[in-house]
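Notes for the structure review
Listed here are the chains, written in short residue letters.
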Amino acid sequence: MKVLICDDEIRVCRLIQHLIDWPALGLEPAGTAHDGNRALEMILEEKPDIVITDIRMPFISGLELARQVREVRPSTQIAFLSGYDDFSYAQEAIRYNIISYLLKPISLEELSENLRQIKEKLDRIFSEFSERRRTG
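Just so we're clear, the structure is a prediction, and the values are computed from it rather than from any experiment.

To continue, consider the overall build of the protein. In terms of helices and strands, the protein carries 6 helices and 5 strands. Its helices and strands in sequence order give the protein the pattern β-α-α-β-α-β-α-β-α-β-α, from N to C terminus. A compact globule built from 136 residues would reach a C-alpha radius of gyration of about 14 Å, and the protein, at 14 Å, matches this within 12%. Summarising its shape, the C-alpha atoms of the protein cover approximately 45 × 30 × 30 Å along the three principal directions. Across the 136 residues that make up the protein, the buried fraction comes to 43%. Look at the contacts in the protein between residues 6 or more apart in sequence, and 61% of them connect residues 24 or more apart. A total of about 7,500 Å² of accessible surface is found on the protein, and carbon and sulfur atoms cover 51% of it. Distance between charge centres in the protein, computed from 18 positive and 23 negative side chains, equals 5 Å.

Ordered by their spatial adjacency, 5 strands build an open sheet running 2-1-3-4-5, and the pairing between neighbours is parallel. Sheet topology places strand 2 (28–33) and strand 5 (100–103) at the edges, where each strand pairs with a single neighbour. Averaged over all neighbouring strand pairs, the angle between strand axes comes to 20 degrees, with direction disregarded. Examined bridge by bridge, strand 3 (residues 50–53) and strand 4 (residues 77–82) share 4 bridges and lie parallel to one another. Among the inter-strand pairings, V51 is bridged to a residue of strand 4, identified as I78. Helix-sheet contacts for helix 3 (residues 36–46) involve strand 1 (2–6), strand 2 and strand 3, and the interaxial angle to strand 2 is about 150 degrees. Contacting strand 3 and strand 4, helix 4 (residues 62–72) runs over the sheet at an angle of about 180 degrees to strand 4.

Applying the stated criterion across every chain, the model contains 12 salt bridges. Between D54 and K104 there is a salt bridge; the shortest N-O distance is 3.3 Å. In this pair, D54 is assigned in the loop between strand 3 and helix 4 and K104 in the loop between strand 5 and helix 6 (108–135), connecting sequence segments 50 residues apart. Judged by its relative accessible area of 5%, D54 falls in the buried class. Measuring nitrogen to oxygen at the nearest pair gives 2.8 Å for the salt bridge that ties D123 to K119.

Looking now at the packing of helix 3 against helix 4. Between helix 3 and helix 4, the shortest axis-to-axis distance is 11 Å and the interhelical angle comes to 20 degrees. By the angle between their axes, helix 3 is roughly parallel relative to helix 4. For the crossing formed where helix 3 meets helix 4, the hand is right-handed. On the side of helix 3, the interface is formed by G36, A39, L40, I43 and L44, while helix 4 contributes L65, Q68, V69 and V72.

Reading the values: the criteria
Residues numbered from 1 in each chain as written. Predicted model: local features only at pLDDT ≥ 70, side-chain atom pairs only at ≥ 80, totals over all residues. Heavy atoms only, no water. Helix = DSSP H or I, 4+ residues; strand = E, 2+ residues; numbered from the N terminus. Rg over C-alpha atoms; globule rule 2.2 N^0.38 Å. Buried < 20%, exposed > 50% of the residue type's maximum accessible area, 1.4 Å probe, protein only. Contact = heavy atoms within 4.5 Å. Areas by Shrake-Rupley, 256 points an atom, 1.4 Å probe, with all protein chains shown as cover. Lys, Arg positive; Asp, Glu negative; His and termini not counted. Charge placed at Lys NZ, Arg CZ, Asp CG, Glu CD. Pairing = 2+ DSSP bridges. Axes fitted to C-alpha atoms, helices over the stretch in contact; angles between N-to-C directions. Salt bridge = Lys/Arg side-chain N within 4 Å of Asp/Glu carboxyl O. Parallel < 35°, antiparallel > 145°, perpendicular 65-115°, else oblique. Left-handed = near helix turned anticlockwise from the far one by under 90°.

See below:
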């Protein structure tokens with residue numbers, strides 16, 4: 001399963017991309033994007049299973065990105081990584097069926113655990129879908 005990392009802070013993207021033990025999680029990084037426009041392009045090109053995105057980014061916000069992703073890739077799981085502990089953002093996240101809302105600063109252990117849980121959820125969804133196709 002592929003993960004796209006989107007944050008306007010290049011340092012944050014690099015840390016996530018290089019410090020997470022992707023093979024141990026059964027995931028692979030699909031790349032990074034530093035603004036919402038590039039993130040949307042990469043989502044259409046790479047077709048990631050998971051998108052980790054900051055809420056506030058140039059051009060297209062993480063919230064708008066989530067809205068657009070729901071239109072073109074509804075099965076993609078989206079996790080917000082934000083420095084803003086704002087209830088209104090959390091409400092919007094719920095509206096777009098965001099799987100996780102993580103606050104910066106976040107430890108690598110917390111992020112890894114969150115990614116593991118997201119992957120387990122996707123594995124269950126894919127398994128149920130495959131079972132229905134086989135028996136349906």
